[in-house]
Amino acid sequence: MLIAVGTDKHPFDRLVDWLAQWHTQASDRVRLTVQHGHTPAPQVPGAVPFLGHDALQRAMADADLVVCHGGPATILEARRHGHLPIVVPRDPARGEHVDDHQQLFARRLGAAGLVALCETREALHCALAAGLADPSRYAVAADPGAHEARRAAVARVGRIVEDLVAQSARRQPWWRAWTRSGRGAEEDR
């Protein structure tokens, strides 16, 4: 199981504490990788502050379950690796982030069935128990080609923008500089 809180500078004690509480009951049945970021290290095996991109991708690919914060990139990466991520969004009222974008994003995805949204300890513990009993419950069709398709789309948009900028530079401006006629303009005629 992979737990990823991201790299934001705000600690996410709530998620890490909820996980540690659950782990005391399930420790004999689960192997963890806990990327805890700027949150103090939990007293569980497999806790690391940060994972490089490649290591995080390997951990996602190898995990049966992915639990994460509400960061859009983390959620999309988990789905790309075939996981319905169990998401606990950061709460700015608790000092976990600067605004509520994670809550809004995760709630929208939860309503659409694209994540398993858990905003309480009880909801998280229930989702973890269900995932431990049947990991396929939190699986989706992996789409490893989606990353390359996105990269190609971004490159195409970049070329379109570059072409538009180049065309714009070749055109004569549609405006002319306006000069104010001052006194003496009559005298010049």
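Small disclaimer: the values here were computed from a predicted structure and weren't measured.

Colleague: Can you lay out the nonpolar core for me, pointing to particular residues and giving the numbers?
Modeller: Nonpolar side chains in soluble globular proteins tend to be buried together. By size, the foremost hydrophobic cluster in this structure holds 26 residues, and its most contacted members are Met-1, Ile-86 and Leu-124. Mapped onto this core, the elements with two or more residues apiece are helix H1 (13–26) and helix H5 (121–133). At six residues, the largest contribution of residues to this core is made by H1. Judged by nonpolar contacts, the second largest core, of 14 residues, contains Ala-4, Val-87, Ala-106 and Leu-109.

Colleague: For the pattern of salt bridges, give the residues involved together with the corresponding values.
Modeller: Summed over all chains, the structure comprises six salt bridges. Between Arg-14 and Glu-96 there is a salt bridge, with the nearest N and O atoms lying 2.7 Å from each other. Taken as a pair, Arg-14 in helix H1 and Glu-96 in the loop between strand S5 (86–87) and helix H4 (101–111) lie far apart in primary sequence, 82 residues in all. One salt bridge connects Arg-94 with Asp-91, and the closest N-O pair in it is separated by 3.3 Å. Exposure remark for Arg-94: the relative accessible area of 54% places this residue in the exposed category.

Colleague: Which residues make up the packing of H1 against H5, and what values do they have?
Modeller: For any two helices packed against each other, one specifies the crossing angle of their axes together with the interaxial distance. Closest axis-to-axis distance for the H1/H5 pair is 10 Å, and the angle between their directions is 45°. In terms of orientation, H1 lies oblique with respect to H5. Pair H1 / H5 crosses with right-handed handedness. Of the residues in H5, those in contact with Leu-15, Trp-18, Leu-19, Gln-21, Trp-22 and Ala-26 of H1 are Arg-121, Leu-124, His-125, Leu-128, Ala-129 and Leu-132. In terms of residue class, the contact of H1 with H5 is made up of nine nonpolar, two polar and one charged.

Conventions adopted
- Residues numbered from 1 in each chain as written.
- Predicted model: local features only at pLDDT ≥ 70, side-chain atom pairs only at ≥ 80, totals over all residues.
- Heavy atoms only, no water.
- Core = buried A, V, L, I, M, F, W, Y, C linked by side-chain atoms within 4.5 Å.
- Buried < 20%, exposed > 50% of the residue type's maximum accessible area, 1.4 Å probe, protein only.
- Helix = DSSP H or I, 4+ residues; strand = E, 2+ residues; numbered from the N terminus.
- Salt bridge = Lys/Arg side-chain N within 4 Å of Asp/Glu carboxyl O.
- Axes fitted to C-alpha atoms, helices over the stretch in contact; angles between N-to-C directions.
- Parallel < 35°, antiparallel > 145°, perpendicular 65-115°, else oblique.
- Left-handed = near helix turned anticlockwise from the far one by under 90°.
- Contact = heavy atoms within 4.5 Å.
- Nonpolar A, V, L, I, M, F, W, Y, C, P; charged D, E, K, R; others polar.

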